[in-house]
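So the chains spell out like this:
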Amino acid sequence: EDLRYTLHDCEPAVLIVDAETRDAVAALRESAIDRLPRFVVEPQAAVDGYRPFDDLLQPAAPPPAVELGPGDPAVLVYTGGTTGLPK
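This report concerns the structure included in the present document. This structure is a prediction, so every number in the text was calculated from the model and none was measured. (Residues numbered from 1 in each chain as written. Predicted model: local features only at pLDDT ≥ 70, side-chain atom pairs only at ≥ 80, totals over all residues. Heavy atoms only, no water.)

1. A closer look at the overall build of the protein
Just so we agree on the cut-off: Secondary structure elements follow DSSP: runs of H or I no shorter than four residues count as helices, runs of E no shorter than two count as strands, and numbering proceeds from the N terminus. Each radius of gyration reported is based on C-alpha atoms, and the globular scaling rule is 2.2 Å times the count of residues to the power 0.38. Burial here depends on accessible area, computed with a 1.4 Å probe over protein chains only, as a share of the maximum for the residue type. Under 20% is buried, over 50% is exposed, and the range in between is partly exposed. In this description, contact between two residues means that some pair of their heavy atoms is separated by no more than 4.5 Å. Accessibility throughout is a Shrake-Rupley quantity obtained with a 1.4 Å probe, and a residue counts as covered only by protein chains that appear here. A residue counts as positive if it is Lys or Arg and as negative if it is Asp or Glu; His and the chain ends are not included. By convention, the point assigned to a charge is CZ for Arg, NZ for Lys, CD for Glu and CG for Asp.
If you tally the helices and strands in the protein, you get three helices and three strands. Each helix (α) and strand (β) of the protein, taken in turn from the N terminus, gives the series α-β-α-α-β-β. A compact globule built from 87 residues would reach a C-alpha radius of gyration of about 12 Å, whereas the protein, at 15 Å, exceeds it by more than 25%. Projecting the C-alpha coordinates of the protein onto the three principal axes gives extents of approximately 45 × 40 × 20 Å. Put simply, the protein has 87 residues, and 18% of those count as buried. Long-range pairs, those at least 24 residues apart, make up 42% of the contacts in the protein with a sequence separation of at least 6. As displayed, the protein has an accessible area near 6,600 Å², and 57% of this comes from carbon and sulfur atoms. Placing the 7 positive and 15 negative side-chain charges of the protein at their respective mean positions leaves the two points 6 Å apart.

2. A short note on the nonpolar core
General note: in soluble globular proteins, nonpolar side chains tend to be found buried as a group. Definition in use: Here, nonpolar core means buried Ala, Val, Leu, Ile, Met, Phe, Trp, Tyr and Cys residues that are tied together by side-chain atoms lying within 4.5 Å of each other.
Ranked by size, the top nonpolar core spans nine residues in total: Leu7, Leu15, Val17, Val25, Leu28, Ile33, Leu36, Val40 and Tyr50. Once residues lying within four places of it in the same chain are set aside, the contact partners of Val17 are Arg22, Phe39, Val40, Val41 and Tyr50.

3. Things to note about helix 2 (residues 19–28)
The line we're drawing: Arc definition: it is the arc formed by the directions from the helix axis to the C-beta atoms.
Buried within helix 2 we find Arg22, Val25 and Leu28. What you see down the axis of helix 2 is that its buried residues fit within an arc of 110 degrees, all on one side. Exposed residues on helix 2 whose side chains face more than 90 degrees from its buried face are Glu20 and Ala27. Elements in contact with the buried residues of helix 2: helix 1 (2–10), strand 1 (15–17) and helix 3 (31–34). Following helix 2 by one or two positions, Arg29 adopts a phi angle in the positive range, close to 50 degrees.

4. A word on the environment of Leu36
By secondary structure assignment, the location of Leu36 is in the loop between helix 3 and strand 2 (38–40). Residues Leu36 and Ala13, 23 residues apart in the sequence, show an inter-C-alpha distance of 6.4 Å. Contacts of Leu36, omitting those with residues within four sequence positions, involve Pro12, Ala13, Val14 and Leu15.

5. A word on the pattern of salt bridges
In plain terms, the rule: In the sections that follow, a salt bridge refers to a side-chain nitrogen of Lys or Arg positioned within 4 Å of a carboxyl oxygen of Asp or Glu.
Taken as a whole and assessed by the stated rule, the structure comprises three salt bridges. Residue Arg4 is joined to Glu1 by a salt bridge in which the shortest nitrogen-to-oxygen separation is 3.4 Å. Overall, Arg4 belongs to the partly exposed group, its relative accessible area being 23%. For Glu1, a relative accessible area of 64% translates into the label exposed. A salt bridge links Asp55 to Arg51; the shortest N-O distance between them is 3.2 Å.

Here's what the structure looks like:
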């Protein structure tokens, strides 16, 4: 349930996982998560809708311009514990 909560709460635009995490995400069977672009870091594990991580290293169109401010978050870190869902 921690993984399900975190993925819904952070509203990711893409998933980059390793083979172990790929299996945990697959076990969720969430249609919202299944629609995300997905990449896996192990080339031999690039199956079931996951593209190899190396695809991200290929030349592509320039990313869209995004205005950033000094107070914008750079990373979201979820912590787990004994008191409930990740925070």
